[in-house]
Amino acid sequence: MPAELIGTEVNRVEGRDKVTGAALYTADHAFPELLHAVLVQTEIPCGRVSSLSLQNATERASSQPGVVYVLMPLNCPALQELPRELTFDLPLERRPPLSDLTVQHVGQHLAMIVATTFEKATYAASLFTVDYEPEVALLSAKAVLAAPVEPDAKGGQIRHGSYLPDHFVKLEEEKLQDARGETQAPATPLHVQSTYTTPINAHYPIELSACIAHWQDGSLTVHDSTRWIYGERSALAAYLNMPEEKIRVLSPLVGGAFGSKSFLWMHVVLTALASREVRRPVKLVLTRDQMFSSTGHRPRTEQSLDLHASADGRIESTEHHTLTETSTVAHFCEPAGLSTRFLYESPRMVVSHRAARINSPTPCFMRGPGEAPGLFALEVAMDELAYAANLDPIELRSRNHAAMDQASGKPWSTKHLLECYAQGAERFGWSSRSPAPRSMQRKGVQVGWGVATATYPGRRMAAGCRVTTDGDGNVTFSSATHEVGNGVRTVMTQVAADAAGLPLDQVTFQSGDSTFPGAPYSGASQTTATVGSAVFLAAQTWQERFRQSLVEMENSTFHRLDASALKMEGGFVNTASRDALSVRSIFSTLGPALVDKLTFDVQSTAGDQEKFAFQSFGAQFCEVEVDEEIGRATVTRWTGVFDCGRVLNPKLARNQIMGGITFGLGMALLEQVPYDAKTAQLIGEYYLPTHADRPEFDIHFIDAPDYALDPIGVRGIGEIGTCGVPAAIANAIFHATGKRLRDLPITLEQLMTPYEEGAVR
Amino acid sequence: MSSNDQYEAGDLCETQTSLRINGEAVTVKIDPRTTLLDLLRETLHLTGTKKGCDHGLCGACTLSVDGERVLSCLTLAASVDGSEILTVEGLADKGNLSELQQAFLDHDGFQCGYCTPGQISSAHAMMQEHARGDLSMVSFEGTRDEVTTGRMELSDHEIRERMAGNICRCGAYANIVTAVHAVERGARR
């Protein structure tokens, strides 16, 4: 197959719409008779809402000009409980919204006000104040572990205490409690034992979650800023006790997700209920504050890392224990220790995770779930071990390189991590680093260089693709995946065009509609391998069918030739004996007869994942300047080298990786949801990296295909850019300042604390 | 609150507002609480301008009022009665992308695209601010002569400083700066 488009820097296919403002996101859709909804949420973390005050608030809001409907617990139609398969190991809430008067966290849905305009709904919502009977809230894992465990309530919908989850989501081999080797850690010359903490992080996509629901003849259509159309349809069907076929979920362009915009769909079902009740389309746009409580977050972690090594730095034992938090109404466990099971050679390994149910909103996946906080702990611990062993941090990592996947016992499909270290070090100029902390200065500030390993699994699931061909020879490929900024429409167009033998302008890729063949959620860096495999199969099948039709059809120039003798490339059919004919010209004569033959669905499997372990790797190098007088750390320079299979579009891939690194930079230095520790109220803003905060980037790919995972040789790159970033920055700050900072984000106060010789191990 | 009395009494008095939006005269009766952002999006269906935070943090709603960039989520529509509004929809000339739009497309100055109208609108106005000699904090890193004459180069550092109010959570920052710089270089030729 001539790979003409794959590997080239094609502009985003929806890019023109994005720069002109023509691109449509959920909230941009207009409907006649549209009503506007505004949510009211609880303001205390634990207790009960007074029923009388709810009635009074409802009357007060309902009497306001323009208010059409108020949905609240006392009038909410009964919603069905979600099936166990959606709540057992996924972060969908066990308790339907508005189904009781207890308050489990600040920001729990309390009412939906529907009015003729957004202004009128917002004003009426401001009058919807209620009385609470407060109860003692448990706001941290520590508080949960110290308190007696209350019994479950509402048939297990509300749970308390803490637990040890078995595995990560539906992936039973990704064990959250895992061990190998001896029971006891050996006595070794080198031993590093530290505790690391990470705060509550928010995805903070710039597009606010939005949905528009409308009903027609008993069927529901929802436009939603979702990155899991099929999951949302299942959840809505379950809540509303109606068949999935009567629900259509449309996800137009999504304005960023990063792990949010999935799983927490309670506001969507409430919007659907309100629309059914008022018999008009209803639109809800969450407020920025509601994004913190209603679309998930990365929960806090406290991680204890314990590394034992021989005098020459060879690891003999690794322990990684994580304490994290979920809500009282849903399961989630931030899987911080997963990659510790295999990243470095370690004969003995113990990993555990405990999740404590606190009075907080429900957490969920966020870019690099597990890896982002987990590699912060592991990779800072590796830096600590490197200093303890008096070894260069890259040399220490190379000595402990894992030649196979110790967690599964399988060989890697491909692994080029040592090349990532070597190329990264060369590009960054690592050899001129002076290893001692506080040994590099520039213009009166401390300079530090840090390194960390990045890793993220290569994942692939099953997916479908529809092929539709029109009479002019334009081919449309459709799959119920989502354009969240990952460039899926562009790279799928490239894959389809190459595999079909067509030019880009004859190929379109569509996403975002539940009437398309299924695709999994857009997350876990699996889209390109998953949907790419389906599109590749679809386009190959299109070409085979097209060639076969040309030799079978009597009025075709190629009648009775061997189909395999026809070669397709760039929209032309070539044979040894005749002049090349364009596909367009063939359609101008045979088009109508071809349309049906070339319109079909395909289904691709998850492939053979038995023989190999699939994992992406990378090396992150950074320079940080620390001005200790004002407590400012500035990341000035970044080199990242990544081993993540074949790169389909280098321009888009570099962009996504730079974005991932910037995401990790925010986690390292800026980001934490500012909840008051006593009241659980938001008491400030969530700081994000801006134009002024990012470093100069040097991004490089090994670009070695992984054909064992999928036929196009890719492993996704959505997460790996973020992985290892907070550790590389913390390690650079140690090098600059001599301060080993183990609590994120690294703040001004931490950086201003005077350096004391020998104070930090 | 006494100001609530009039709301509770019945329908609000509407106010008439006249604007020129992307060159077209528009006169509408609006609820005085309506922001310029919501007027554009919900009433006039000009949805290119985006709502990202609705309280002046993210810059997604940036547009120009009488040539100056403003956050339309913090601007009551009635307060800019009689003004000239330029949104992202007004930047292309009859389907021909502006240089800045083309540069964003070619340099991949976005991923999800949601902050993009704000980034482009902000950059458009920022380049005019720079051209007329407005200084930024970074300008003072230049020479005395550059600062006093206002003739400093629009360096990457200047662009980053002057665009710092436009958040891109996807992190396409480097490409946005490259795009703006490419247009600046073109303008200097």
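Peer 1: Account for the interface of chain B and chain A, naming residues and giving values.
Peer 2: At the interface, 52 residues of chain B touch 46 residues of chain A. Elements that contribute at least two residues to the side of chain B that touches chain A include exactly α2 (36–43), α3 (99–106), α4 (116–131), α6 (156–162) and α7 (173–188) of chain B.

Peer 1: Can you break down the sheet that holds strand β30 (residues 696–701) of chain A residue by residue, with the values?
Peer 2: Residue and element names in this part refer to chain A. Strands sit in the order β19-β20-β28-β29-β30 across an open sheet of five strands; the sheet is mixed. Edge strands, defined here as strands with exactly one partner in the open sheet, are β19 (441–442) and β30. As defined by bridge partners, β19 adjoins strand β20 (residues 445–457) across two bridges and the pair is classed as antiparallel. Across the sheet, Arg 442 pairs through a bridge with Val 445, a residue of β20.

Peer 1: Residues and numbers for the domain arrangement of chain B, please.
Peer 2: Residues and elements named next belong to chain B. What the domain assignment lists for chain B is domain 1 (13–90) and domain 2 (99–188). Computed from C-alpha atoms alone, the centre-to-centre distance between domain 1 and domain 2 is 23 Å. Contributing elements (two or more residues each) for the side of domain 1 that touches domain 2: β3 (62–65) and β4 (68–71). Top contributing element to the side of domain 1 that touches domain 2 by residue count: β3, with three residues. Taken together, the residues of the side of domain 1 that touches domain 2 sort by class into five nonpolar, eight polar and three charged.

Peer 1: Give a description of the packing of helix α15 (residues 650–669) of chain A against helix α16 (residues 725–737) of chain A that names residues and reports values.
Peer 2: Residues and elements named next belong to chain A. For the pair α15 and α16, interaxial distance at closest approach is 8 Å and the crossing angle is 55 degrees. Put simply, α15 runs oblique to α16. α16 is crossed by α15, and the crossing has right-handed handedness. Here Ile 661, Gly 664, Leu 665, Met 667, Ala 668 and Leu 669 of α15 lie close against α16, whose contacting residues are Val 725, Pro 726, Ile 729 and Ala 730.

Peer 1: Summarise the confidence of the model for chain B; cite the residues concerned and give the values.
Peer 2: In this model, chain B carries a mean pLDDT of 92, and residues with pLDDT of at least 70 account for 93%. Of the regions scoring below 50 in pLDDT, residues 1–10 of chain B engages in three contacts with residues more than four places distant in sequence or in other chains.

Peer 1: Tell me about the nonpolar core, and name the residues and values.
Peer 2: Among the nonpolar cores identified, the biggest contains 280 residues, and Ile113(A), Val495(A), Ala496(A), Val535(A), Ile729(A) and Ile733(A) are the most heavily contacted of them. Ignoring anything within four residues of it in the chain, the contact list for Ile733(A) reads Gly448(A), Val624(A), Val626(A), Ala633(A), Lys739(A), Leu741(A) and Ile746(A).

Peer 1: I'd like a description of the pairing of strand β2 (residues 24–30) of chain B, backed by residues and values.
Peer 2: All names here are of chain B. Looking at chain direction, strand β1 (residues 15–21) and β2 are connected through seven bridges and run antiparallel. By the bridge assignment for β2, Gln 16 is matched with Lys 29. Hairpin geometry of β1 and β2 is characterised by an intervening segment of two residues between the two adjacent antiparallel strands and by a positive phi of about 50 degrees at Asn 22.

Peer 1: So what about the domain arrangement of chain A? Which residues, and what values?
Peer 2: Residues and elements named next belong to chain A. Taken as a whole, chain A is organised into domain 1 (15–22 + 461–604), domain 2 (31–136 + 208–257 + 261–294) and domain 3 (370–459 + 611–752). Once you take the C-alpha centre of each, domain 1 and domain 2 turn out to be 40 Å apart. Tallying the contact residues gives 13 residues for domain 1 and 16 residues for domain 2. Residue classes in the side of domain 1 that touches domain 2 are distributed as three nonpolar, eight polar and two charged.

What counts and what doesn't
Numbering of residues begins from 1 in every chain and follows the order in which that chain's sequence is written. All chains are assigned letters beginning with A, and all ligands numbers beginning with 1, in the order in which they are written. In keeping with the model being predicted, local features are shown solely for residues with a pLDDT of at least 70 and side-chain atom pairs are shown and tallied solely at 80 or more, while totals for entire chains, interfaces and linings include all residues. A pair of residues counts as a contact when their C-beta atoms, built from backbone coordinates, are within 7 Å of each other. Going along the chain from the N terminus, every DSSP run of H or I of four or more residues is numbered as a helix, and every run of E of two or more is numbered as a strand. Paired strands, in this sense, are two strands between which DSSP finds at least two bridges. Reported domain spans reflect what an automatic or database domain assignment gives. Residue classes follow a fixed rule: Ala, Val, Leu, Ile, Met, Phe, Trp, Tyr, Cys and Pro count as nonpolar, while Asp, Glu, Lys and Arg count as charged, and any other residue, Gly among them, counts as polar. Every axis in this analysis is a line fitted to C-alpha atoms, fitted for helices over the stretch in contact. Angles between the N-to-C directions lie between 0 and 180 degrees. Comment on the angle field: the value is read as roughly parallel under 35 degrees, roughly antiparallel over 145, roughly perpendicular from 65 to 115, and oblique elsewhere. Less than a right angle of anticlockwise turn of the near helix away from the far helix marks a crossing as left-handed, whereas a clockwise turn marks it as right-handed. Values of pLDDT, ranging from 0 to 100, describe the predictor's confidence in every residue of the model. For the purposes of this analysis, a nonpolar core is taken to be any set of buried Ala, Val, Leu, Ile, Met, Phe, Trp, Tyr and Cys residues that are connected through C-beta atoms within 7 Å. The burial criterion counts other C-beta atoms lying within 10 Å of a residue's C-beta, which is placed from the backbone; the residue is buried at 20 or more, exposed at 12 or fewer, and partly exposed between these limits.

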